[in-house]
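Fold and contact review
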Amino acid sequence: MTIVTCIFLATLGLIFNPSSAQLSLDFYENSCTPLPDIVHDIMRATLNRNPRMGASILQLFFHDCFVNGCDASILLDDTDFFIGEKSTPPNKDSARGFELIDTIKSEVERFCPETVSCADILALAAREAVALLGGPFFEIGLGRRDSLVASFNSVAGQIPSPSFNLPQLIASFEAKGLDYRDLVILSGAHTIGRARCLRFRNHIYNDTNVDPDFADSVKVLCPINDNDDENLPLDFQTADLFDNLYYVNLINRRALLHSDQELYNYGTPVDRLVELYASDMDAFFGDFADSMVRMSSMNPLTGFRGEIRRDCRRVNFLG
Ligand code: HEM
């Protein structure tokens, strides 16, 4: 093989082999130096007013990554050509934070026009949300590009349901290249944020592995046939603080979601992990940071694939 052929094949590989183009910590070091500060400052100001928005951004990032990778496809509005992911259950009525991402993107565009992807902005905003609410700070690789389409059809079946049992939850994570440890660790994100009555009523009223006093207190706010959209804290002890009390709640059978309580129900190694994180916050923080980096690296668009959207809600050719 000649050297020219080798260079040609290597170039083709760079274009067509997604795994060859890697995310890097210093991707915008020269092209957009103020990026981390812009994201940090806007997130801090927002969470000071409304801490729940941190949870909403973290959930938005998870729902983006689990549907065809972390490519900002969840941010696209519906068009004449496709129905967006945000209009699809379980995102419809649940995914929040789109306006905040718009605000950050506008400010980033002012300093660094057409340079930073919406996918990277969402990843950085989620990272800031965790740290600003008291969780670990971690470095995150950058260089993702934005999808050209959203996938209404892909949402179904990709995002795990709160009615899933443990084997189903593990299978949904394994389908993304993550294992049962990632499942237990990333579910710890439910140390912050809220859920609506209609997502956990069945667990509270019908499951047997629920502390009766806890169930009674939830039933007052979520009557059997009313208040579907009432929001209750996923971690009733410290709703807006990123800590390890979520795992303590699981051990005490005080999880709001059926899927959360499934992580402490079978006497398997999964239970042992829950016990570890309930007793050791440093272990949880270290492992959460590692799992977030793994999730944030799932199937990114890099190199020449996708684009850098000017507006996170629409692809560039639509203006
Ligand atoms: C393991 C499977 C998971 C299931 C079944 C699940 C399910 C849910 C449900 C049902 C809600 C409430 C939605 C609503 O009422 O509208 C919720 C909220 C939330 N989820 Fe998950 N989730 C899972 C994993 C994750 C992961 C991996 C993360 C992030 C790393 C995450 C972050 C969040 C956050 C932060 C909220 C609160 C959002 C807010 O307050 O706006 N979840 N989740």
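Throughout what follows, the structure given in this document is the object of discussion. Each chain carries its own residue numbering, running from 1 in the written order of its sequence. In keeping with the model being predicted, local features are shown solely for residues with a pLDDT of at least 70 and side-chain atom pairs are shown and tallied solely at 80 or more, while totals for entire chains, interfaces and linings include all residues. The basis for every side-chain value is the complete set of non-hydrogen atoms in the structure, without hydrogens or water.

Turning next to helix H14 (residues 281–296). With 16 residues, H14 ought to run about 22 Å at 1.5 Å a step, and its terminal C-alpha atoms sit 22 Å apart, in line with that. When a residue's accessible area, from a 1.4 Å probe over protein chains only, is under 20% of the maximum for its type it is buried; when over 50% it is exposed; and in between it is partly exposed. Helical segments are the DSSP runs of H or I of at least four residues, strand segments are the runs of E of at least two, and each set is numbered from the N terminus. Taken residue by residue, H14 has Ala283, Phe284, Phe285, Phe288, Ala289, Ser291, Met292, Met295 and Ser296 as its buried positions. Contact definition: two residues touch when any of their heavy atoms are within 4.5 Å. At its buried positions, H14 is contacted by helix H3 (52–65), helix H5 (118–132), helix H8 (180–187), helix H11 (245–251) and helix H13 (269–279). For this analysis, a polar contact is any N or O atom pair within 3.5 Å, provided that within protein one partner can donate a hydrogen and the other can accept it, and provided that sequence-adjacent residues contribute only side-chain to side-chain pairs. Where H14 starts, the residue carrying a side-chain oxygen 3.2 Å from the main-chain nitrogen of Asp282 turns out to be Asp280. Helices are assigned an expected span. That span is 1.5 Å times one less than the residue count.

Under perfect tetrahedral coordination by four donors, a metal shows angles of 109.5 degrees; under perfect octahedral coordination by six donors, it shows angles of 90 or 180 degrees. Protein coordination of the iron atom of the ligand is limited to a single donor, His190 (NE2), which sits 2.1 Å from the metal. On the secondary structure map, His190 appears in the loop between H8 and strand S1 (194–196). Any nitrogen, oxygen or sulfur atom within 2.8 Å of a metal ion counts as a donor, with the limit raised to 3.2 Å for Na, K and Ca, and since water is left out, coordination shells can look unfinished.

Turning our attention to the side chain of Asp271. Take Asp271: it is sitting in helix H13. Neither His nor the chain ends is counted toward charge; the positive residues are Lys and Arg and the negative residues Asp and Glu. The term salt bridge refers to a pairing of a side-chain nitrogen on Lys or Arg with a carboxyl oxygen on Asp or Glu at a separation within 4 Å. Of the side chains bearing the opposite charge, Arg272 lies closest to the buried Asp271, which forms no salt bridge; the N-O distance is 4.4 Å. Of the polar contacts made by the side chain of Asp271, one reaches the backbone nitrogen of Asn265; its length is 3.4 Å. With near-sequence residues (within four places) excluded, Asp271 lies in contact with Leu263, Tyr264, Asn265 and Tyr266.

Attention now moves to the pattern of salt bridges. Here the idea is simple: oppositely charged side chains can pair when their charged atoms come close. Going through the model one piece at a time under the given rule, you end up with 15 salt bridges. A salt bridge links Arg181 to Asp179; its shortest N-O distance comes to 2.9 Å. The class of Arg181 is partly exposed, set by a relative accessible area of 40%. In this structure, Arg201 and Asp228 form a salt bridge, with 2.8 Å as the shortest nitrogen-oxygen distance. Here the residue Arg201 occupies a position in helix H9 (residues 197–206), and Asp228 occupies one in the loop between helix H10 (212–221) and strand S2 (231–233), the gap between them amounting to 27 residues. Take Asp228: its relative accessible area is 36%, and that puts it in the partly exposed class.

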